[in-house]
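The lines below spell out each chain.
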Amino acid sequence: MSRFIATSAIRGAHGVVTKAEEMLKSALDKHGEEASVAFVDKEGVGSTFFLPVIYGYLGHKIEKLGDMAWPLEHARSLLPPVPGDNLWLPYLGELADAGVATLFAEEIIKGIEFVEGKQPEVRNGFTFNGPISDVQTRSWGIQMVDGSMPGFAAVIGAAKSNAVAVKIVRELQSKGQLVFLSGSNNGRSIVDQLLEEGVDLGYHTFTVPFGTDTEATVYAAGYASRAAFSFGNVEPGNFREILLYNKFRCFAFALCLGPMDDLKWATGAGAITYGFPAILDTVAPNILPTGITKYEHVVSMPFDDIPGKDDMERAERLIQRCIEVRGIKIKIPSVPIPVAYGPAFEGEIVRRADLRAEFGGKGGICFEWLSMKDPDEIEDGKFTVVGPDIDSFEAGTKIPLAIVVEVAGRKMQKDFEPVLERQIHHFTNGAEGIQHVGQRDITWIRFSKGAVEKGFTLKHLGDILHTNYHNDFGAIVDKIQVTIYTEQAKVEELIKQARDVYRERDIRMAGMTDESVDTYYSCTLCQSFAPNHVCIINPERTGLCGAYSWLDCRAAYEIKPTGPNQPVPKGKCLDPVKGVWEGVNSFVYEHSQRSVERFTVYSLMDAPMTTCGCCECNMVVIPEANGVMIVSRDDYSMTPCGMTFTTLMGTIGGGQQTPGMMGHSKRYVLSNKFIPVEGGIKRLVWLSKNVKEEFAEELKEVCERAGVPDLIDKMADGTIAITVDELLPFLEEKGHPALTMESLL
Amino acid sequence: MPEVEVPAEKWTGKVHEVTLGGSNGRKSVVVGGETALPFLHFEGAMPNKPLIAIEVQDRNPTDWSPHLISAWGDVLADTGAWAKKAVEYGADIIALRLRSAHPEEADTGADEARKSTDKVLSAVDIPVIILGPGVAEKDNKVLVAASEVAKGQRIALGNCEEKNHRTIAASCIADGHVAIAKTPIEINLAKQLNILLCDVGLSPDSILMDPTTGALGYGIEYCYSVMERLRLAALGGDKMAAMPMFCTAGEESWRQKESKVTEGVPPSWGDHLERSLSWEGITAVMLLNAGANIVVLRHPATVTLVKATIDKLMAT
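Values in this document were obtained by computation on a predicted structure and should not be read as measured data.

Caption draft 1: Representation of the overall build of chain A. For chain A, the count of helices and strands is 23 helices and 24 strands. Expressed as lengths along the three principal axes of its C-alpha atoms, the size of chain A is roughly 110 × 65 × 50 Å. Counting only residues that meet the buried cut, chain A has 50% of its 745 residues in that class. Pairs at least 24 apart in sequence give 74% of the contacts found in chain A among residues at least 6 apart.

Caption draft 2: Here's a closer look at the overall build of chain B. Each helix and strand counted, chain B has eleven helices and ten strands in total. In summary, chain B has a C-alpha radius of gyration of 19 Å against a globular reference of 20 Å for 316 residues, a match within 12%. With the C-alpha coordinates aligned to their principal axes, the bounding extent of chain B is approximately 65 × 55 × 35 Å. In chain B, which comprises 316 residues, the share counted as buried stands at 52%. Counting contacts in chain B only where the partners sit at least 6 residues apart, residues at least 24 apart contribute 70% of the total.

Caption draft 3: Up close: the domain arrangement of chain A. The domain boundaries assigned to chain A delineate domain 1 (3–115), domain 2 (125–326), domain 3 (354–496) and domain 4 (516–740). Computed over C-alpha atoms, the centres of domain 1 of chain A and domain 3 of chain A are 55 Å apart.

Caption draft 4: Local environment of the interface of chain B and chain A. Chain B puts 20 residues into the contact, and the matching count from chain A is 20 residues. Counting residues per element, the ones that place at least two in the side of chain B that touches chain A are α5 (165–175), α6 (187–200) and α7 (220–235) of chain B. Among the elements that take part in the side of chain B that touches chain A, α5(B) stands out by supplying seven residues, more than any other. When the residues that make up the side of chain B that touches chain A are grouped by side-chain class, the tally is eleven nonpolar, six polar and three charged.

Caption draft 5: Molecular detail of the sheet that holds strand β18 (residues 567–569) of chain A. Residue and element names in this part refer to chain A. Pairing is antiparallel across the open sheet formed by three strands, whose spatial order is β17-β16-β18. Both edges of this open sheet fall to β17 (535–537) and β18, since each of them pairs with a single strand only. For this sheet, the mean angle separating the axes of adjacent strands, direction not counted, is 40°. Pairing of strand β16 (residues 519–523) with β18 involves three bridges; the strand directions are antiparallel. When the bridges of β18 are listed, tyrosine 521 appears paired with proline 567. Against the sheet, helix α17 (residues 550–559) contacts β16, β17 and β18, and its axis sits at roughly 75° relative to β16. Taken strand by strand, helix α18 (residues 582–591) contacts β16, β17 and β18, and its axis lies near 135° from that of β18.

Caption draft 6: Quick peek at the packing of helix α10 (residues 272–290) of chain B against helix α11 (residues 300–314) of chain B. Residues and elements named next belong to chain B. Packing of α10 against α11 brings their axes to within 9 Å, and their N-to-C directions diverge by 35°. α10 and α11 meet at a crossing whose hand is right-handed. Each of Leu277, Glu280, Gly281, Ala284, Val285 and Leu288 in α10 lies in contact with α11, whose residues at this interface are Ala301, Thr302, Leu305, Val306, Thr309 and Ile310. Classifying every residue of the contact of α10 with α11 by side-chain character gives eight nonpolar, three polar and one charged.

Caption draft 7: Representation of unusual backbone geometry. Looking along the chain, the bond that leaves A:Gln119 and enters A:Pro120 is cis, with omega of -15°. By secondary structure assignment, the location of A:Pro120 is in the loop between α4 (92–115) and β1 (122–123). For the bond running from B:Gly158 to B:Asn159, omega is 0°, close enough to zero to count as cis. By the secondary structure assignment, B:Asn159 is in strand β6 (residues 156–160).

Caption draft 8: Layout of the nonpolar core. Counting 208 residues, the largest nonpolar core has B:Ile94, B:Ala179 and B:Val295 as the members making the most contacts within it. Counting only domains with at least three residues in this core, you end up with domain 1 (3–115) and domain 2 (125–326) of chain A. Not counting chain neighbours up to four residues away, the residues in contact with B:Val295 comprise B:Pro50, B:Ile52, B:Cys247, B:Ala249, B:Ala284, B:Leu287, B:Leu288 and B:Val306. If you look at the next biggest cluster of nonpolar residues, it comprises 113 residues, including A:Val419, A:Cys617, A:Leu648 and A:Met715.

Caption draft 9: Region of the structure containing the sheet that holds strand β23 (residues 661–664) of chain A. Residues and elements named next belong to chain A. Taking strand neighbours across the sheet as the criterion, the four strands line up as β23-β21-β22-β24 in an open arrangement whose pairing is mixed. Every other strand in the sheet has two partners, leaving β23 and β24 (684–687) as the edge strands with one partner each. For this sheet, the mean angle separating the axes of adjacent strands, direction not counted, is 25°. Sheet analysis places strand β21 (residues 617–622) next to strand β22 (residues 627–632), joined by six bridges and oriented antiparallel. Bridge assignment links valine 621 to a residue of β22, and that residue is valine 628. Across the face of the sheet, helix α19 (residues 645–652) comes into contact with β21, β22 and β23 while running at roughly 80° to β21.

Caption draft 10: View of the pairing of strand β4 (residues 178–182) of chain A. Residue and element names in this part refer to chain A. In terms of burial, β4 is largely enclosed, as five of its five residues are buried. Neither face of β4 is left uncovered, since the one carrying Leu178, Phe180 and Ser182 and the one carrying Val179 and Leu181 both have all their residues buried. Taking the sense of rotation as the criterion, the β-α-β connection linking strand β3 (residues 152–157), helix α6 (residues 162–174) and β4 turns out right-handed. Traced from β4 through helix α7 (residues 190–196) to strand β5 (residues 207–209), the parallel crossover comes out right-handed.

Caption draft 11: Spotlight on the confidence of the model for chain B. The predicted model of chain B has a mean per-residue pLDDT of 94, with 100% of residues at 70 or higher. For this predicted complex, the interface confidence comes out at an ipTM of 0.76, alongside a pTM of 0.76.

Caption draft 12: How the structure looks around α17(A). Taken together, the buried positions of α17(A) are A:Trp550, A:Leu551, A:Asp552, A:Cys553, A:Arg554 and A:Ala555. On the buried face of α17(A), the contacting elements are α12 (417–421), β16 and β17 of chain A.

Cut-offs used in this document
- Residues numbered from 1 in each chain as written.
- Chains lettered and ligands numbered in written order.
- Predicted model: local features only at pLDDT ≥ 70, side-chain atom pairs only at ≥ 80, totals over all residues.
- Helix = DSSP H or I, 4+ residues; strand = E, 2+ residues; numbered from the N terminus.
- Buried ≥ 20, exposed ≤ 12 C-beta atoms within 10 Å, placed from the backbone.
- Contact = placed C-beta atoms within 7 Å.
- Rg over C-alpha atoms; globule rule 2.2 N^0.38 Å.
- Domains from an automatic or database assignment.
- Nonpolar A, V, L, I, M, F, W, Y, C, P; charged D, E, K, R; others polar.
- Pairing = 2+ DSSP bridges.
- Axes fitted to C-alpha atoms, helices over the stretch in contact; angles between N-to-C directions.
- Left-handed = near helix turned anticlockwise from the far one by under 90°.
- Core = buried A, V, L, I, M, F, W, Y, C linked by C-beta atoms within 7 Å.
- Right-handed = clockwise from strand over helix to strand, strands pointing away.
- pLDDT = per-residue confidence, 0-100.

In structure tokens form, the structure reads like this:
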């Protein structure tokens, strides 16, 4: 907490309350208690919410001068003492009290000015807007609630130059922010600057000039209070809800241009109570810790120190910082590329005859790598192509390619890197005439002649990724920077670094155990057709469809907290061997429409997980062999249990618990937690051939880990046995360990 | 005969009660409030009977079935008169479809929506539902306008989809209306939209669910299943699935082959009018049995039929 800011703000609050008291006294003498008070804009359109800040905070209606006395007394009573030289204890709470007192006093001052015909302000022949009417509040309010207009920027003071003033307003408008203008520095206001440059101000251009004094800023707070009454359903007087509504739903902030004074600090303190942070373009102390506002409270960004080649770039960065401090999420309406974009193009194949440019594939080098950075390290929307673009290459040649994506976000986590990186495939495939296969360093991309003729270049990959990450992953990503390399040497150098990262990730994933986390995740995506089924996803078992790992679920939850992947705290452990937790049981019970009362994570024979119908594999006990068999969805053959995959699904699917039968993903076979209660992989007597082949390498490791290196050769498949009678002699002959294990039943 | 005790299910949940109308001289109705599956009076309460809304449109629906056109006659050309007539035929609610706002129809805008809404509001004193053209962006334009005209009269506005839910919810909050949350036949999505609407600040008693309806023979069993699951979840205590349900039975059944085609059909299909009415009636009654709280109908004769059925089902 800054002692400097607190002292200045509290002093400012004392000053403005005293000023309001004096004005009220003389106004009462002149006009009497009954003189009516009402806020209207320059068109004479008013509000049914009286003086809205005071009405919101106190539920007190000010309709005449006499109604002002009590709220002003209240403001006086809120004032904390100005900290002396030796007092080091001004806290945020006192600052907030001073801020509220300031807003009350400022609103009363404006009210008195209305009585005296001095509002809305007129200066040099220009009539300011004054407070915003209810009609306008409603129309903008709907846009604020639906997100097309995130919030407003209260710009106070005057910019470094007229050109900077215009740039700031244009930048804010381009982010969809409403712009409110007030205050001045030594008699010069941003409104003067904008008018001199011929900028059209008013409701229709989303720039509202309130006035040239700091007190006029209170109209912004009044607007915020009325948004909470109308769209938050909050009763006037319920100040807590009004402030929370604004903190979480109205993405507003104050941007103070030019030197600060006591009154500006005091007004800023008032804004902070609404959760609105202040960004300053001058040297001042910062208040960085989160408290009343969502992120920082006060951020100083001295204009001339902002990196940038000129003032225009500096202004742009300043606004970018404002957007970050307030946590405003940007939505981009459509992908700005010269070819069509949509899911319809996802499966498209670019054939050799249509091929214009190719990256990766056999004999080529191509990879993609997404990493997390600090927000200050990268610039949102910056795309760079290092090396020659496609037009320098002959049609059909293999071009080396590195797609390096750097992202930053307040809620971004290192663990989400692979989740986001995998999206590159899905995102780039959506472009017409672009084919994308694989991931990491096995990426293979083709551009068709048609796409390149329409103007598609490598830079557009950046546009595609930038737009989609913002729109689909805005909850965790705030900034996206894309660099594309096409120089052989550079790509070869970078791929080494990327491979190190892939390896690190794999090691980390391998080290991620059920014991290392206290929360599992649920997936209820399939309840539309299997209403009683709940997937519980732990680090060592992916969802039974194979599509959702524990990390995917965690990211999905961050992105859509109301979605089908919810955190499931494990709670008290009831059985460490079978994997039974109180938290998991109660979650499953509640979300299976009370049909599954108990559920074990580690057993096939006792209360196994239910199956929706999407499982990649079915596991079934073969009692005669004292083991289990696994048939995959891609295996159409008959199996030793007497049923094909499809027939088995009739018994296993639909959310029923069937001891001895269970649906799961292909990868589950490789897990350390593969039916541990029943003895793990050594129970596996029959496995679909396609799974054996797909995971040949990994299975070998798993068998070694289990102490039976040639176990895979002891397992039958459809080419060896499709009945128990064929299976048993094979197992006997090979000496399968399941035959001598403890009885399964 | 020995006495047989009928086993009764004990439910813990309750469907939210939603009120429409009730101020500015408008009559009010309440839907929802059930503590058991539809019409199983021995298991719990069904304090408010399901209601019938009659659909009117903001333009003369010349492409409607001749049976509908002859049943309504001249009033089809005048939205206000149509609404009045619908009250005579027993509508509990008027559902105004702003069809001309559809981009492929007349693509009319906010002004026309205001006028049509005002016409219906001044013609009748029963509760009103305004349905947009069903294209999210256009729905936003016309429903926000309609909402403003009807401020304080507690109408219902639909469609409110995930795409545009914030705008419709904001309008409902600001003007005191009810949102009709429409999702494509899926429990998760239905529930999620309810949660999203509540997150925006709409209260649960200001939401109706439109889980999307099919007609008899056109996937109704799937709709039935989804609606039943939603209602079971509600009765099981899930408050975010406990909104009353709204179904456009008339619109769905009248656009199917059985109601449209008169020639080249097997003789066993019988009389065209009778078939069309049965199609609408059976569709509606099935949806009521699945848990619908409001069904929107088109033909006056079906209204009579379905009303009689509701009364019978409500008699304990």
